[in-house]
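Descriptive structure summary
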Amino acid sequence: MRIYLFILSMLSILLLAGCQPTDIINPPPPPAGPLKDTTITNISYGANASQKFDLGLPAGRTAATPLVVVVHGGGWSTGDKNELTWLLNGLKQRGYAVANINYRLTLNQPDNYKMQLDDLDSAVQYTLRLSTVHTFNGQKLYIVGHSAGGHLSLSYAYTRNASGKVKAAGSMAGPTDLFAMSYYNFNIYNSILEPFLGVPLFPSTPAATQRYQDCSPRYTATAAAPPTIFFHGELDIVVTPDQSSGMYTKLGTLGVERRIITYPFTFHDWWTDGTKTANTMDELKTWFTNHP
């Protein structure tokens, strides 16, 4: 009987041992060699269908590889991250991890400005948490956007950077003074700015004026703003060049480091011009490298 019980006990031990997951007992080794170039598309950072981003990861990246957040334009009411895939790919080739972000577009609500900055913040925080999974630096970032995305990038860098993680910002033809824009381009004001901000500026009231200024980098920037680089086409009639040059001047009065690059004979974007897009990406790399 004792021998029989002993045999049963040994069989039980062997069976239990055989049921243990092999990946816990003998975890697989990490992949050998340098990490490969890859892009993961449509990562969800929220429940809404618009709350997605693409994550570009360069070859040979390490835990020190810096992150750049890219924000598309479209008047806050249209547009898609795919419009800036060229920028994701170009910055990735230059050694950056890149999060190319979609956000909820203008809705019938009073504060689309806050909603879109909240989305940008959610995407940023979610991306930083992925740093240990996909290997890049999760302690700092850079941010750049085009047109409305430039406005959101600067607004985020100037008003949502209490942690100091945004080390430098960039704007490609981004609006910086919505109050002035509403006066100088009524078509944009009437069809885009009023739905975006939820407040008509005309007839002018102190509350309406304050709303337009409170949502403009021109009025929210302080001496704590991160170093900022501007790109603008000299022939831009959608967002006139003075939106960048005026912001450049304002940052100078605040003592914030800044740089501005203007492209002659160029309209609101320059994506079909390989020389200019390469220059934009090279200038961004230099700017980010100089502000670690």
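For the structure itself, consult the block above.
About the thresholds
- Residues numbered from 1 in each chain as written.
- Predicted model: local features only at pLDDT ≥ 70, side-chain atom pairs only at ≥ 80, totals over all residues.
- Heavy atoms only, no water.
- Salt bridge = Lys/Arg side-chain N within 4 Å of Asp/Glu carboxyl O.
- Helix = DSSP H or I, 4+ residues; strand = E, 2+ residues; numbered from the N terminus.
- Buried < 20%, exposed > 50% of the residue type's maximum accessible area, 1.4 Å probe, protein only.
- Pairing = 2+ DSSP bridges.
- Axes fitted to C-alpha atoms, helices over the stretch in contact; angles between N-to-C directions.
- Contact = heavy atoms within 4.5 Å.
- Parallel < 35°, antiparallel > 145°, perpendicular 65-115°, else oblique.
- Left-handed = near helix turned anticlockwise from the far one by under 90°.
- Right-handed = clockwise from strand over helix to strand, strands pointing away.
- Patch = residues over 30% accessible without salt bridge, like charges linked within 9 Å, V, L, I, M, F, W, Y side chains within 5 Å.
- Areas by Shrake-Rupley, 256 points an atom, 1.4 Å probe, with all protein chains shown as cover.
- Core = buried A, V, L, I, M, F, W, Y, C linked by side-chain atoms within 4.5 Å.
- Polar contact = N/O pair within 3.5 Å; in protein donor to acceptor, adjacent residues only side chain to side chain.
- Phe/Tyr/Trp six-rings, centres within 6.5 Å; stacked < 30°, edge-to-face > 60°.
- Lys NZ or Arg CZ within 6 Å of the ring centre and 35° of its normal.

Remarks on the pattern of salt bridges
Side chains bearing opposite charge may pair, as long as their charged atoms lie close to each other. Enumeration according to the criterion identifies nine salt bridges in this entry. Across the salt bridge formed by Arg-160 and Asp-118, the nearest N and O atoms sit 2.9 Å from each other. Of the two residues, Arg-160 sits in the loop between α6 (148-159) and β6 (166-172) while Asp-118 sits in helix α4 (residues 112-129), which places them 42 residues apart along the sequence. A relative accessible area of 28% means that Arg-160 is categorised as partly exposed. Several salt bridges share partner residues, and in doing so they unite Lys-114, Asp-118 and Arg-160 into one network.

Observations concerning the sheet that holds strand β7 (residues 228-233)
Pairing within the open sheet is mixed, and its eight strands lie in the order β1-β2-β4-β3-β5-β6-β7-β8. Every interior strand has two partners, whereas the edge strands, β1 (38-44) and β8 (258-263), have only one. When strand polarity is set aside, the average angle formed by the axes of neighbouring strands in this sheet is 15 degrees. Both strand β3 (residues 67-71) and strand β4 (residues 97-101) contribute to a ladder of five bridges, which runs parallel. Residue Val-69 lies in a different strand from β4, and its bridge partner there is Ala-99. Contacts between helix α3 (residues 85-93) and the sheet are confined to β1, β2 (52-57), β3, β4, β5 (141-146) and β6, with β4 contributing the most and set at about 170 degrees to the helix.

Some points on the packing of α3 against helix α12 (residues 274-289)
Viewed as axis vectors pointing N to C, α3 and α12 meet at an angle of 50 degrees, and their least axial separation amounts to 10 Å. Taken together, the axis directions place α3 and α12 in an arrangement best described as oblique. Helix-helix and strand crossings are classified by hand; for α3 and α12 the assignment is right-handed. Counted together, Trp-86, Leu-87, Gly-90 and Leu-91 of α3 and Thr-277, Met-281 and Leu-284 of α12 form the full contact between these two elements.

As for the pairing of β7
When you tally the buried positions in β7, you get six out of six residues, the bulk of the element. Residue alternation in β7 divides its side chains into two sets, Thr-228, Phe-230 and His-232 and Ile-229, Phe-231 and Gly-233, and both sets are buried. Note that β6 and β7 share four bridges and pair parallel. Along β7, the bridge assignment pairs Ser-171 with Phe-230. For the crossover from β7 across helix α11 (residues 242-254) to β8, the handedness is right-handed.

Comments concerning a nonpolar patch on the surface
Together, Tyr-183, Tyr-184, Phe-186 and Phe-202 line one region of the surface with nonpolar side chains, adding up to about 480 Å² of accessible area. Position of Phe-186 relative to the elements: it lies in helix α8 (residues 186-197).

Focus: the nonpolar core
Core analysis: the biggest nonpolar cluster contains 50 residues, and Val-69, Leu-120, Ile-143 and Tyr-158 have the highest contact counts within it. The residues touching Val-69, leaving out its near neighbours within four places in the chain, are Ala-99, Ile-101, Leu-120, Val-124, Leu-141, Tyr-142, Ile-143 and Val-144. Membership of the second largest hydrophobic core comes to 21 residues, among which are Val-70, Leu-91, Val-144 and Ala-168.

Comments concerning unusual backbone geometry
We note that Trp-76 has phi near 65 degrees; this positive angle belongs to a residue other than glycine. For Trp-76, the location among the structural elements is in the loop between β3 and α3.

Considerations on the side chain of Gln-51
Along the chain, Gln-51 turns up in the loop between β1 and β2. Note on Gln-51: relative accessible area 9%, which makes it buried. Looking at Gln-51, its side chain comes within polar contact range of the main-chain nitrogen of Ala-47, at 3.2 Å. Among the polar contacts made by the side chain of Gln-51, one reaches the main-chain amide nitrogen of Asn-48 at a distance of 2.9 Å. Ignoring anything within four residues of it in the chain, the contact list for Gln-51 reads Ile-43, Ser-44, Tyr-45, Gly-46, Asn-102, Arg-104 and Asp-119.

Considering the packing of aromatic side chains
Within this structure, the stated rule accounts for 11 aromatic pairs. Their ring planes at 40 degrees and their centres at 6.3 Å tell us that Tyr-45 and Phe-53 sit as a pair that is tilted. Each member of the pair, Tyr-45 as well as Phe-53, carries the same accessibility label: buried. Ring centres of Trp-270 and Trp-271 lie 4.9 Å apart, and the angle between their planes is 65 degrees; this geometry places the pair in the edge-to-face category. For Trp-270, a relative accessible area of 2% corresponds to the buried category. Accessibility expressed as a relative area gives 22% for Trp-271, which makes it partly exposed. These aromatic residues form a ring-pair network of at least three members: Trp-86, Tyr-263, Trp-270 and Trp-271. One cation-aromatic arrangement involves Arg-218 over Tyr-219; the distance from NZ or CZ to the ring centre is 5.5 Å.

Note that all results are geometric; they support no functional claim without further evidence.
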